[in-house]
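# Fold and geometry: a report
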Amino acid sequence: MKKVYLDNASTTQLRPEVVQEMTKVLSEDYGNPSSTHSLGRNSKSILELSRKAIAKQLNASAQEIIFTSCGTEANNWILRSAVKDLKVKRIITSKIEHHAVLHTVQSLQNEFDIQVDYVAVKPNGEIDMSDLVDLLSQETHFTRKISSDKMKKWVPDDQNLNNSTEEIKTLVSLMHVNNEIGTVLDVDKVGRICEQYNALFHSDMVQSVGKTEIDLQHLHIDFMVASAHKFHGPKGVGFAFVKKNSGLQPLFYGGEQEKGLRPGTEAVHQIAGMAKALDVSYTNLETERNHISDLKNYLITQLEIEFPSFVINGTSDGIYTILNVLLPFSDDKTAMILFNLDMKGIAASRGSACQSGSIKPSHVLAEMLSNEDLKKPSLRISFSHFNTKEDIDLLIFGLKSI
Ligand code: PLP
């Protein structure tokens, strides 16, 4: 049975060039980059060349790239250190972020005395920019009230009877491309808004790195996060962009690796594989983007023919790699849709990776859809350059025979 892999927002197949690079490093370049002998120096050189290559693709400087074990770790590190060490007192984020951000922010809110605000999400899944501006412009009107029982609370100025004031440092955390619906945030605009209001800006760019041009030198961004397995690199490695002199401190302690910001012996083969994957992704970007966009348009045309009342969740101009659709299927077919596709060798997803196959409604769709529509089957189809028109035909055939 032919396997049809349409779950590329969950993870991607390695590029052959990446396998080749990693195999070479694994078998030949096994020195510890911290060792001073030639094998160690060789590994160190692979590490630093990888860092330079990644920085170049994103127009950042090499010192601003810090390797981590994954996107989740990088998000946790940045958000936690922003609160703990940079003394961020307020986080503005959205309810449609990945759980690596949402759950981290919730845990920080429980642990520290911070204010968390969620920016409004439009019914098409876009972030409401005017609400973001409203939230940011409110902040000068909040001060910290310290009551007699030592309970601290952020309250509006006019309710702060003892007039104790403290400047609130704010961090905005908004993802670039939503992993479930593919909506794209105007990070340039958000960066300029954050700069205007003196707020830090963190963006989870896990779904956009390697798939769209990113110029970190010209974006007003303090922190960003990427993960290799989303752009045809290996699992278990990612990186953070941390602007120079950010003041960020490590999440845990050990050696001097990554300037002490991320201790632990570096996974040289993973990092080299990630650099190779990013390099090939950007070299082939134009061709692969055209190929994938054609497939996405072809799928939309076929859905219009076979399931005319289907609806796109999100915007029609979302990222070319993701299409999330609400299908006009009856209740009895809804629960088993992924199972039925899987039986036919077709891998797709219902929501974010961790929820694939589960019947729990997606927290992203829950913010956008009516309760009635939430019960209907929504399917996330996510493409890569490995997909063909035949894959789309098989998906349509699979859906028709459910
Ligand atoms: N952020 C987004 C938007 C994602 O799609 C994912 C992966 O599902 C992550 C973060 C987590 O990345 P990782 O799997 O590298 O921890």
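One structure accompanies this document, and this report is about it. (Residues numbered from 1 in each chain as written. Predicted model: local features only at pLDDT ≥ 70, side-chain atom pairs only at ≥ 80, totals over all residues. Heavy atoms only, no water.)

Under the criterion given, the structure shown has one aromatic pair. Here Phe 307 and Phe 329 contribute two aromatic rings whose centre-to-centre distance is 5.5 Å and whose plane-to-plane angle is 55°, an arrangement assigned as tilted. Of this pair, Phe 307 sits in the loop between helix H8 (285–306) and strand E11 (311–312) while Phe 329 is found in the loop between strand E12 (322–326) and helix H9 (331–334), placing the two residues 22 residues apart along the sequence. In this structure, Phe 307 and Phe 329 share a single accessibility class: buried. Seen from the ring of Tyr 118, Lys 95 lies directly overhead, with NZ or CZ sitting 4.9 Å from the centre. (Phe/Tyr/Trp six-rings, centres within 6.5 Å; stacked < 30°, edge-to-face > 60°. Helix = DSSP H or I, 4+ residues; strand = E, 2+ residues; numbered from the N terminus. Buried < 20%, exposed > 50% of the residue type's maximum accessible area, 1.4 Å probe, protein only. Lys NZ or Arg CZ within 6 Å of the ring centre and 35° of its normal.)

The backbone of Lys 87 sits at a positive phi, close to 60°, despite the residue not being glycine. Here Lys 87 is to be found in the loop between helix H3 (71–84) and strand E3 (90–93). In this structure, Glu 258 is a non-glycine residue whose phi angle is positive, near 50°. Glu 258 gets classed as buried once you look at its relative accessible area, which sits at 6%.

Now for the pattern of salt bridges. The final tally for this structure, using the stated rule, is 17 salt bridges. Asp 29 is the partner of Lys 24 in a salt bridge, and the nearest nitrogen-oxygen pair spans 2.6 Å. A salt bridge links Glu 73 to Arg 262; the shortest N-O distance between them is 2.8 Å. Of this pair, Glu 73 sits in helix H3 while Arg 262 sits in the loop between strand E10 (238–242) and helix H7 (268–283), and the two are 189 residues apart along the sequence. Judged by relative accessible area, which is 13%, Glu 73 ranks as buried. Given a relative accessible area of 17%, Arg 262 falls into the buried group. Linked through salt bridges whose partners overlap, the residues forming this network are Lys 44, Glu 48, Arg 51 and Glu 258. (Salt bridge = Lys/Arg side-chain N within 4 Å of Asp/Glu carboxyl O.)

Turning to the sheet that holds strand E14 (residues 378–382), a few remarks are in order. As summarised here, the arrangement of the three strands in space is E11-E12-E14, forming an open sheet in which the pairing is antiparallel. Each edge of the open sheet is held by one strand with a lone partner, namely E11 and E14. The pairing of E12 with E14 spans five bridges and is classified as antiparallel. Its bridge partner being in E14, Asn 324 is matched across the sheet by Arg 380. (Pairing = 2+ DSSP bridges.)

Take the site of the ligand next. The local shell around the ligand consists of Cys 70, Gly 71, Thr 72, His 98, Met 175, Asn 179, Asp 204, Val 206, Gln 207, Ser 227, His 229 and Lys 230. Take Gly 71: an N or O atom from its main chain is 2.8 Å from an oxygen atom of the ligand. Between Ser 227 and the ligand, the recorded distance is 2.6 Å, taken from a side-chain N or O atom to an oxygen atom. For the ligand, whose unbound accessible area comes to 390 Å², protein coverage reaches 91%. Structurally, the ligand is housed in the second largest pocket. (Near = heavy atom within 4 Å. Polar contact = N/O pair within 3.5 Å; in protein donor to acceptor, adjacent residues only side chain to side chain. Areas by Shrake-Rupley, 256 points an atom, 1.4 Å probe, with all protein chains shown as cover. 1 Å grid on protein atoms, 1.4 Å probe; cavity = no way out; pocket = protein on both sides within 12 Å on 5 of 7 lines; lining within 4 Å. Sits in = over half its atoms within 2 Å of the grid points.)

Further remarks concern the side chain of Arg 262. Within the local environment of Arg 262, its side chain forms a polar contact with the side chain of Glu 73, the two groups lying 2.8 Å apart. The contacts of Arg 262, once residues within four sequence positions are left out, are Ile 66, Phe 67, Thr 68, Ser 69, Glu 73, Phe 252 and Gln 257. (Contact = heavy atoms within 4.5 Å.)

Moving on: the nonpolar core. Residues Leu 132, Val 172, Phe 239, Leu 303 and Leu 399 are the most contacted members of the largest nonpolar core, which totals 86 residues. At seven residues, H8 tops the list of elements feeding residues into this core. Composition of this core by domain shows at least three residues from each of domain 1 (16–283) and domain 2 (284–401). Ile 78, Leu 108, Val 116 and Val 225 belong to the second largest nonpolar core, which has 24 residues in total. (Core = buried A, V, L, I, M, F, W, Y, C linked by side-chain atoms within 4.5 Å. Domains from an automatic or database assignment.)

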